[in-house]
Amino acid sequence: MSEQTTTEDSRFNTVTWWEIPATDLEEAKTFYTAVLGWTYQPFAEAYVGIFNGSDMIGGLFEESDTPVQEGIRIYVYVADLEGVLRTVEANGGKTRTPRQEVGGDMGWWASFTAPDGRLIGLSTQTPAVDK
């Protein structure tokens, strides 16, 4: 085992930052704000920090010349899975996977694609509500 993994610092060997590439930064900001309520702070040309309330949680950057491909998937924890998926659809995204049970007492998940095709996962502990 490496020296890093044996220290008292729990930050080692954990995800400490994540970023979402986007083919159009302004379109992505508008979409994720509508769907998840995120706000942004510019940091560099074509790069913004993502904020959930006052907490900076990740980054969003423009990378228009790279094709959208699946890779590491992030999951955003939400209170109303179906409500978020309706908002995705109303803002130009598409539901890819509707509510699915994770198993046991682990809740449910779903996924959607942003307007540029980026795949994002959702998770919740909240049961579906008939509307």
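Within each chain, residue numbers correspond to sequence positions counted from 1 in written order. Selection of residues for local features in this predicted model requires a pLDDT of at least 70, selection of side-chain atom pairs for listing and counting requires 80 or more, and totals for whole chains, interfaces and linings are taken over all residues. Calculation of side-chain values draws on the structure's entire complement of heavy atoms; hydrogens and water are dropped beforehand.

We now examine the sheet that holds strand 4 (residues 55-62). For two strands to pair, DSSP has to find at least two bridges joining them. Secondary structure is summarised from DSSP: a helix means a run of H or I of at least four residues, a strand means a run of E of at least two, and numbering begins at the N terminus for each. Reading across the sheet, the four strands line up as 1-4-3-2 and stay open at both edges, with mixed pairing between neighbours. Lying at the two open borders of the sheet, with one neighbouring strand each, are strand 1 (19-22) and strand 2 (39-44). For this sheet, the mean angle separating the axes of adjacent strands, direction not counted, is 30°. Contacts are residue-level and defined by heavy atoms, with any inter-residue pair within 4.5 Å sufficient. Between N-to-C directions, angles cover 0 to 180 degrees, with each direction set by a line fitted to C-alpha atoms, over the stretch in contact for helices. The sheet contacts of helix 1 (residues 25-36) involve strand 1, strand 2, strand 3 (47-52) and strand 4, and relative to strand 4 the element is tilted by about 145°.

This part is about the packing of aromatic side chains. Whether two aromatic rings pair depends on their centres lying within 6.5 Å, for rings of Phe, Tyr and Trp, where Trp uses its six-membered ring; planes under 30 degrees apart make the pair stacked, over 60 edge-to-face, and the rest tilted. Tallied over the entire structure, the rule returns six aromatic pairs. Measuring from centroid to centroid gives 6.2 Å for Tyr-47 and Phe-61, while their planes differ by 15°, and the two rings are stacked. Pair noted here: Tyr-47 is in strand 3 and Phe-61 is in strand 4, with a separation of 14 residues, a long-range link. For every residue, the accessible area (1.4 Å probe, protein chains only) is compared with the maximum for its type, and the residue is labelled buried under 20%, exposed over 50%, or partly exposed between those bounds. Residue class for Phe-61 comes out buried when judged on its relative accessible area of 18%.

Another point: the nonpolar core. Within this scheme, the nonpolar core is defined by two criteria: the residues are buried Ala, Val, Leu, Ile, Met, Phe, Trp, Tyr or Cys, and they are joined through side-chain atoms within 4.5 Å. Tyr-32, Leu-36, Trp-38, Leu-60, Phe-112 and Leu-122 are the most contacted members of the largest nonpolar core, which totals 25 residues. For this core, the elements supplying multiple residues, two or more each, are strand 1, helix 1, strand 3, helix 2 (81-90), strand 7 (108-113) and strand 8 (119-124). Per-element accounting of this core gives the leading share, six residues, to helix 1. Filtering out sequence-adjacent residues up to four positions away, Leu-36 remains in contact with Val-76, Val-78, Val-84 and Leu-122.

Think of a salt bridge as a Lys or Arg side-chain nitrogen and an Asp or Glu carboxyl oxygen that are within 4 Å of each other. A full pass over the atoms with the stated rule returns three salt bridges. Arg-99 is the salt-bridge partner of Glu-82, the closest N and O atoms lying 2.6 Å from each other. Of the two residues, Glu-82 sits in helix 2 while Arg-99 sits in strand 6 (residues 94-101), which places them 17 residues apart along the sequence. Its relative accessible area of 23% is what places Glu-82 among the partly exposed residues. Looking at Arg-99, the relative accessible area reads 19%, which means it is buried. A salt bridge links Arg-118 to Asp-116; the nearest nitrogen and oxygen atoms lie 3.9 Å apart. For the residue pair Arg-118 and Asp-116, the accessibility class agrees, reading buried in each case.

The rolling of a water-molecule-sized probe over the atoms marks out the regions of remaining empty space. Any residue with an atom within 4 Å of a point lines the site, the site being either a cavity, points on a 1 Å grid over the protein atoms alone where a 1.4 Å probe fits but cannot get out, or a pocket, an open set with protein on both sides within 12 Å along at least 5 of 7 lines. Grid points are joined across faces, edges and corners, and a volume is the space filled by probe spheres set on the points. Per the stated rule, a full pass over the model turns up one cavity of 30 Å³ or more. Approximately 40 Å³ is the volume attributed to the largest cavity. Residue lining of the largest cavity: Ala-22, Asp-24, Glu-27, Ala-28, Phe-31, Tyr-32, Ala-114, Pro-115 and Asp-116, and that is the complete set. Looking at the lining of the largest cavity, the element that brings in the most residues is helix 1, giving four residues. Under the scheme applied, nonpolar residues are Ala, Val, Leu, Ile, Met, Phe, Trp, Tyr, Cys and Pro; charged residues are Asp, Glu, Lys and Arg; polar residues are all the others, including Gly. A class-by-class count of the residues in the lining of the largest cavity yields six nonpolar, no polar and three charged.

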